[in-house]
Amino acid sequence: MKLYLNHTERYPVEQLQMQLFASEPSEFVTAPFAKGENGAVSSLFTGKTYVTATAKITWNGKTGSAAKRLLREQADVRHTRRLLQQSYYLAAMQVLDTVPPWGALSGVRPSKLSTKALLAGKTRRQAERELEREFFVTPERAKLCVDASEHTVEAMNLLAPRDLSVYIGIPFCPTRCAYCSFVSESVERFGEFLPPYLDCLLREVEYTGKLLRQSGWHVRTLYMGGGTPTTLSAEQMARLLEAVNTHFDLSRCLEFTVEGGRPDTLDAEKLRVIKAGGATRISINPQTMSDTVLKAVGRRHSAASVVDVFHQAREAGFENVSLDLIYGLPSQTRGDWADTLSRALELHPEHLSCYGLKLEEGTPMYRSYLGSPLIPDEDEQADMYLYTVDTLAHYGLKQYEISNFAIPGYESRHNLKYWQLGDYMGFGPGAHSCAGGVRYSYVRDLDRYVSAVVGDSMIIDEYEQIVPIQKATEYLMLGMRTTHGISEKEYHRIYRSDWEPIEETFELFERKGWAEKSGERWHLTPAGFLISNVLINAVLEAQTGAKVENNPWMRDAFRQEKKQELPQGEYERFTSVYKDKLN
């Protein structure tokens, strides 16, 4: 199906053509094609008063044409693209036999539009009507979108200022995966450390839990990760869950996740203990559904065991189950990845996390596979990623962050708390915390952590007091990872500096197809997420230039190190400052 344009906005028109005429490959041409050939002509004309978009489509002997116009002063990039898609869609409906349920929507997440409408104060019916009238979405799909948006808005509104997210780390695994760089030890080699570590963790939970209660902080989300928390026996897990429920105020807890991790650490009894201990969500991490690839990365379980454990989690009463997967593993083909996604979707999880493999220096896989042709190259991983976004959206799991997808209403509230700059507190070696304007981390070494908890050494590794500059930078970095994105209004609540360089940078991204603007909010597209690190750095450079230019008196602050090691002997001073901040 040929496509000829008299304008430069190829991306939105081509995406819609590929969606509506999926059975025939799209071919972009730079010269008019012969009359009667299957193809489309999209044109844009700017007059004194109006901008007009026209489309003429020929398909299997039928021809349709349509035009839409907009006042010139309203024709910014976003509205012009919408105009082009509307004219194309209306012409296509004259030659197609079926009406697509998502109408003229292409390359966007539909619920973003309805969420923006609800946040702007529009009613549910007004949000549905906008989807139906402007984007030709069927009433059934418009209702689905607004349902998802209502859940999203509800989750955002539930996070109050004095709320806290808690992370509890269990730095042990049955064996160490070849790609892993996390703080974690193999039970086979360090199993004797697990009982004393658990004892120290219980002491820390009791002490800090009392401090939080006294200071009026509420645990809103709780995540038990690792390592592999389910390396703990059922009895050990029961002890930890009892301590958590005893010493933390969970009366307002919205989400309690236990990372079940590797299927070979889970069984029906342990799952019942976790559910009885108050967990509302469990994450199972197969990484791949290929037995061959599992063996290559050092996993001892099988794909069949993943299925068994998933069903056991359902039988234990879990109605919110997440799966973690990795693409780009050694010898993994596009077909392997498609099969893994297909088999994962057959289980009907509420949430999927899909990460691209990164060879971390110091890991066995880095030493074995750096530069190896067995590792899928960047283009192959990009194909796998874009396939993931499209496939999961088709099955109702909407992307809400670079690597995370969920049925609307099942987004990880714990992760959202991080990405929205909420306060959080971590327990365990290497755990990070940020509350009351103070950020700190614990020592990473297991021996040192145990020694510190019993009072023989200092537990704090690094700390800093956060200034608005840093918080604004983190707002940009974390917000750009999500489909919710960023806005000038939210940025200025944190830090007053010139927004224009950031806006100009995003306008450049938009012209490249890497970003979109929905109302007042900018967010990256799937194509933008593929190069998110580069784009985030570009925005931070624009922000830094703006800060120095507009606030020259802050120049020294920009140059100073972000991390400050806590000097020996100042642990008591830190504790005093931190308690004051909490109170």
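Scroll up for the structure.
Being a predicted model, the structure only gives us computed values, none of them experimental.

Caption draft 1: Spatial organisation of the sheet that holds strand S20 (residues 486-487). Strand order in the open sheet formed by three strands is S20-S22-S21, with antiparallel pairing between adjacent strands. Both edges of this open sheet fall to S20 and strand S21 (515-518), since each of them pairs with a single strand only. Here S21 pairs with strand S22 (residues 521-524) via four bridges, running antiparallel. The residue bridging Ala515 from the neighbouring strand is Leu524, located in S22.

Caption draft 2: Quick look at the environment of Gln470. Looking at the element boundaries, Gln470 is found in helix H17 (residues 468-479). With a relative accessible area of 9%, Gln470 lands in the buried category. Along the sequence, Gln470 and Tyr495 sit 25 residues apart, while their C-alpha atoms lie 9.2 Å from each other.

Caption draft 3: Spotlight on the sheet that holds strand S5 (residues 62-71). One open sheet holds the five strands; their spatial order is S2-S1-S3-S4-S5, and the pairing between them is mixed. Looking at the sheet topology across the chains shown, the edges are occupied by strand S2 (27-29) and S5. On average, adjacent strands in this sheet sit at an angle of 15 degrees to one another, irrespective of strand direction. As paired elements, strand S4 (residues 50-59) and S5 share 10 bridges and run antiparallel to each other. Residue Ile57 lies in a different strand from S5, and its bridge partner there is Gly64. Together, strand S1 (2-5), S2 and strand S3 (39-46) form the strand contacts of helix H1 (residues 10-20), whose direction differs from that of S1 by roughly 155 degrees. Packing against the sheet, helix H2 (residues 77-92) makes contact with S1, S3, S4 and S5, and its axis sits at approximately 155 degrees to S5.

Caption draft 4: Layout of the pairing of strand S12 (residues 321-327). Most of S12 sits out of view: seven of its seven residues are buried. Alternating residues of S12 divide into Val321, Leu323, Leu325 and Tyr327 and Ser322, Asp324 and Ile326, and every residue in both groups is buried. As judged from the four bridges shared by strand S11 (residues 281-287) and S12, these two strands associate in the parallel manner. Across the sheet, residue Ile282 finds its bridge partner in S12, namely Val321. Pairing analysis gives six bridges linking S12 to strand S13 (residues 351-356), with the strands arranged parallel. Directly across from Ile326, in S13, lies its bridge partner Tyr355. Between S12 and its parallel partner S13, the chain crosses via helix H12 (residues 334-345), and the hand of that crossover is right-handed.

Caption draft 5: Looking closely at the packing of helix H7 (residues 194-215) against helix H8 (residues 234-247). Orientation of H7 relative to H8, taken along the N-to-C sense of each, is 10 degrees, at an axis distance of 9 Å. If you check the angle between H7 and H8, you find them roughly parallel. Between H7, through Leu194, Pro195, Leu198, Asp199, Leu201, Leu202, Val205, Glu206, Gly209, Lys210 and Arg213, and H8, the contact on the second element is made entirely by Gln236, Arg239, Leu240, Ala243, Val244, Thr246 and His247.

Caption draft 6: Summary view of H17. Between its first and last C-alpha atoms H17 spans 16 Å; for 12 residues at 1.5 Å apiece the expected length is 16 Å, and the two agree. Residues Ile469, Gln470, Ala472, Thr473, Glu474, Tyr475, Leu476 and Gly479 constitute the buried set of H17.

Caption draft 7: A look at the environment of Arg129. Among the structural elements, Arg129 can be located in helix H4 (residues 124-135). Along the primary structure Arg129 and Pro139 are separated by 10 residues, whereas in three dimensions their C-alpha atoms are 8.3 Å apart.

Calculation rules
- Sequence order as written defines the numbering, with residues in each chain counted from 1.
- With pLDDT at 70 or above as the cut-off, local features in this predicted model cover only qualifying residues; side-chain atom pairs require 80 or more to be listed or tallied, and sums for whole chains, interfaces and linings still use all residues.
- Neither water nor hydrogens contribute to the side-chain values; these are computed over all heavy atoms in the structure.
- Two strands form a pair only when DSSP identifies at least two bridges running between them.
- Put simply, DSSP H or I for four residues or longer makes a helix, DSSP E for two residues or longer makes a strand, and each gets a number counted from the N terminus.
- Relative accessibility thresholds used throughout: buried, under 20% of the residue-type maximum; exposed, over 50%; partly exposed, between the two (1.4 Å probe, protein chains only).
- Simply put, an axis is a line fit to the C-alpha atoms, just over the touching stretch for a helix, and the angle between two N-to-C directions goes from 0 to 180 degrees.
- Working rule for contacts: check all heavy atoms of both residues, and any pair within 4.5 Å makes them a contact.
- Here is how to tell: hold the view so the strands point away, follow the path from the first strand over the helix to the second, and if it runs clockwise the crossover is right-handed.
- Our angle categories are set so that under 35 degrees counts as roughly parallel, over 145 as roughly antiparallel, 65 to 115 as roughly perpendicular, and the remainder as oblique.
- A helix is expected to span 1.5 Å multiplied by its residue count minus one.

Geometry only, nothing functional implied.
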